[in-house]
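# Observations on chain architecture
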Amino acid sequence: MWKPVLLFLTLCAAGARGLYFHIGETEKRCFIEEIPDETMVIGNYRTQMWDRQKEAFLPSTPGLGMHVEVKDPDGKVVLSRQYGSEGRFTFTSHTPGEHQICLHSNSTRMALFAGGKLRVHLDIQVGEHANNYPEIAAKDKLTELQLRARQLLDQVEQIQKEQDYQRYREERFRLTSESTNQRVLWWSIAQTVILIITGIWQMRHLKSFFEAKKLV
């Protein structure tokens, strides 16, 4: 049985986060990442296995793998792939919003890992921070000034994407607020109509009662 745990990571200006976490034999760990559309995301990870004899985390054996699954805000699977004990996964968002990134090990196939725990070091880079600028400079033969200009252009583009995403969120919030206000209005009208109908029915019922008792 999977035991998913959701950790909310808010998109910030740094665009890169490093962390580590522990998972058990049947555990699945998920992260929620708010990502603008058309934004590249790179995740680097490495695993360490708990050694009972040395009572320390040691590098995992080559046979231990990690399965990575990414879903977009609509629940569509963007990435689903099996990797090794250390690796990198990459995907590009096509829908703005909260993307779910889940990792779990193939520990059921590993007798050495049975009943133990695994430490996973994960680093997620979003937007221009996912670019390897030294590699780009070497490939395109850019000068230091050209490389700096390239970085600034990528930063401006990422800022524009984040602004568009914030406007998208504000639009969704506005539509939700308008829909809620409209429902509240119709519910108030329905309550008023029900009270009026109930009052008329009670008056007619009392009138019929008094007439039957010849009190009126």
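Notes on the structure follow. Fair warning: this is a prediction, and the values are worked out from it, not measured in the lab.

Calculation criteria
Residues numbered from 1 in each chain as written. Predicted model: local features only at pLDDT ≥ 70, side-chain atom pairs only at ≥ 80, totals over all residues. Heavy atoms only, no water. Helix = DSSP H or I, 4+ residues; strand = E, 2+ residues; numbered from the N terminus. Buried < 20%, exposed > 50% of the residue type's maximum accessible area, 1.4 Å probe, protein only. Pairing = 2+ DSSP bridges. Disulfide = S-S within 2.5 Å. Salt bridge = Lys/Arg side-chain N within 4 Å of Asp/Glu carboxyl O. Polar contact = N/O pair within 3.5 Å; in protein donor to acceptor, adjacent residues only side chain to side chain. Contact = heavy atoms within 4.5 Å.

## Considerations on unusual backbone geometry
Even without being a glycine, glutamate 38 presents a positive backbone phi close to 50 degrees. Within the fold, glutamate 38 resides in the loop between strand 3 (29–35) and strand 4 (40–51).

## Topic: the pairing of strand 3
For strand 3, the buried fraction is high: 7 of the 7 residues fall into the buried class. Every second residue of strand 3 is oriented toward a common face, with Arg29, Phe31, Glu33 and Ile35 on one face and Cys30, Ile32 and Glu34 on the other, all of them buried. Pairing of strand 3 with strand 9 (residues 97–105) involves 7 bridges; the strand directions are antiparallel. If you follow isoleucine 35 over to strand 9, its bridge partner there is glycine 97.

## Considerations on the state of the cysteines
On inspection of all chains with the given rule, the structure shows 1 disulfide. Between cysteine 30 and cysteine 102 runs a disulfide, and the two sulfur atoms are separated by 2.1 Å. Taking the torsion about the sulfur-sulfur bond, which here is approximately 105 degrees, the covalent link between cysteine 30 and cysteine 102 counts as right-handed. Here cysteine 30 is found in strand 3, whereas its partner cysteine 102 is found in strand 9, with 72 residues between them in sequence.

## What about the pattern of salt bridges?
Within this structure, the stated rule accounts for 7 salt bridges. Between glutamate 69 and lysine 28 there is a salt bridge whose closest N-O contact spans 4.0 Å. With a gap of 41 residues between them, glutamate 69 in strand 6 (residues 66–71) and lysine 28 in the loop between strand 2 (16–23) and strand 3 connect regions that are remote in the sequence. On the accessibility criterion, glutamate 69 (18% relative accessible area) is buried.

## Some remarks on the side chain of histidine 99
Within the fold, histidine 99 resides in strand 9. At 3.1 Å, the side chain of histidine 99 and the backbone oxygen of glycine 97 are in polar contact. Other than its neighbours up to four places away in sequence, histidine 99 contacts Phe31, Ile32, Glu33, Ile35, Lys71, Asp72, Pro73, Phe91 and Ser93.

## Here's the deal with the environment of leucine 58
Mapped onto the elements of the fold, leucine 58 is located in strand 5 (residues 56–59). On a C-alpha basis, the gap between leucine 58 and arginine 119 in space is 9.2 Å, while along the polypeptide they are 61 residues apart. With residues up to four places along the chain from it excluded, the contact list for leucine 58 reads Gln48, Met49 and Asp51.

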